[in-house]
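Per-entry structural report
Here's the letter readout for the chains.
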Amino acid sequence: MNATPVIAIHGGAGTIVRHAMNAEAEARYHAALTDILSAAQRVLADGGSALDAVTEAVRLLEDCPLFNAGHGAVFTAAGTHELDASVMDGATLEAGAISCVTRVKNPVLAARRVLDVSDHVMFTGPGAEAFAAAQGLEFVDPSYFYTEARHQQWLNARGTSGTMLDHDAMTKFAFSNDPRDPIDPIDPDRKFGTVGAVALDANGHLAAATSTGGITNKQAGRVGDAPLIGAGCYANDATCAVSTTGTGEMFIRMLAAYDVSAQMEYRGASLEDASNDVVMMKLPRIEGRGGLVAVDAKGNVVLPFNTEGMYRGFARVGEAPVTAIYR
Ligand code: ASP
């Protein structure tokens, strides 16, 4: 008998701003995570595929301004938004990804269309937008991605040395009293805001999806791990499904998502051992900061991170969603 279907999501990791830990800010994040988990859980409960559940979860995370993906994405050094996303089906090993899009409202839907209809795995820049347009996906004016919080975060980053991870770069903004601005209990100067989801469905299939605005003040054209299959996203029914968040360059060099799967396949590691090895041992060796969510075919779920906090949660069909921010 197959394990109970389950969805797990993340919305970025980073350092906790102790004095910004207020109940209202935390409640906003818990509520957003719970709503999104509930929606994806319904997809699975209705017999939907893991692929559909992760696509829906990430679409909702993109639409939520609290997270650095879609609406609420971070700014590049040029003051623009460049979005990346990927999705992978563990049943077929089919994958789709797009990078550096500027007007596609939901990058994960474009990645999903690549998986569904294209012979290719990845499109970038204008080619990715042309593909998305031909697929009839919704386009928005680039101003749609603007949020005042991310703008301030970018201004902060420009005043310092270079790039900043999303939640890291929002520190000063964490204390805003303006209700239109997201309050971020994780130190925005030390946080990563990519979103992602992994799921196991009733047929025993796994899937993963990841979406991001990247890192604040990144150079135009920079691509992180999120849209790279094997780095920020991986799924294989034989092992696990993984979605990552963190310092993308290190996750690329470590092939972080695939390494979890490879350790299970090649050395028979459990999901927990493989994930902990990647997040707690291998990534820190090259100063890789962040975390991941992963699920295996038995329904085991892990959500490890080597930062102080990570927005995260999981929901098994028939059970209440569980969400967390700090350790
Ligand atoms: N991993 C993402 C990137 O490097 C950033 C993040 O997780 O927030 O683009």
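Residues numbered from 1 in each chain as written. Predicted model: local features only at pLDDT ≥ 70, side-chain atom pairs only at ≥ 80, totals over all residues. Heavy atoms only, no water.

As recorded in an unreviewed UniProt entry, the chain goes by the name Isoaspartyl peptidase, listed as coming from Caballeronia pedi.

1. Digging into unusual backbone geometry
Phi at Leu93 takes a positive value of approximately 60°, unusual for a residue other than glycine. Its place among the elements puts Leu93 in the loop between strand S2 (83-89) and strand S3 (94-101). By relative accessible area, which is 44% here, Leu93 ends up partly exposed. If you check the backbone angles, Asn217 has positive phi at about 70° while not being a glycine. Looking at Asn217, the relative accessible area reads 13%, which means it is buried. (Helix = DSSP H or I, 4+ residues; strand = E, 2+ residues; numbered from the N terminus. Buried < 20%, exposed > 50% of the residue type's maximum accessible area, 1.4 Å probe, protein only.)

2. Brief notes about the environment of Ile9
Among the structural elements, Ile9 can be located in strand S1 (residues 6-16). The spatial distance from the C-alpha of Ile9 to the C-alpha of Thr244 is 9.9 Å, given a sequence separation of 235 residues. Excluding residues that lie within four positions of it along the chain, Ile9 makes contacts with Leu33, Ile36, Leu37, Ala57, Leu61, Gly196, Ala197, Val293, Leu303, Tyr311, Arg312 and Gly313. (Contact = heavy atoms within 4.5 Å.)

3. Examining the packing of aromatic side chains
To describe a pair of aromatic rings, you give the distance between the ring centres and the angle between the ring planes. A full pass over the atoms with the stated rule returns 6 aromatic pairs. Between Phe67 and Tyr311, the aromatic rings sit 6.0 Å apart at their centres with planes inclined by 75°, giving edge-to-face as the arrangement. One end of the pair, Phe67, is in the loop between helix H2 (50-63) and S2; the other, Tyr311, is in strand S12 (residues 309-316), with 244 residues separating them in the sequence. Residue Tyr311 is classed as buried on the basis of its relative accessible area, which comes to 0%. Residues Tyr144 and Phe145 carry aromatic rings whose centres are separated by 5.2 Å and whose planes lie at 75° to one another, so their mutual orientation is edge-to-face. Note on Tyr144: relative accessible area 22%, which makes it partly exposed. Three or more aromatic residues joined by ring pairs make a cluster, and in this case those are Tyr29, Phe67 and Tyr311. (Phe/Tyr/Trp six-rings, centres within 6.5 Å; stacked < 30°, edge-to-face > 60°.)

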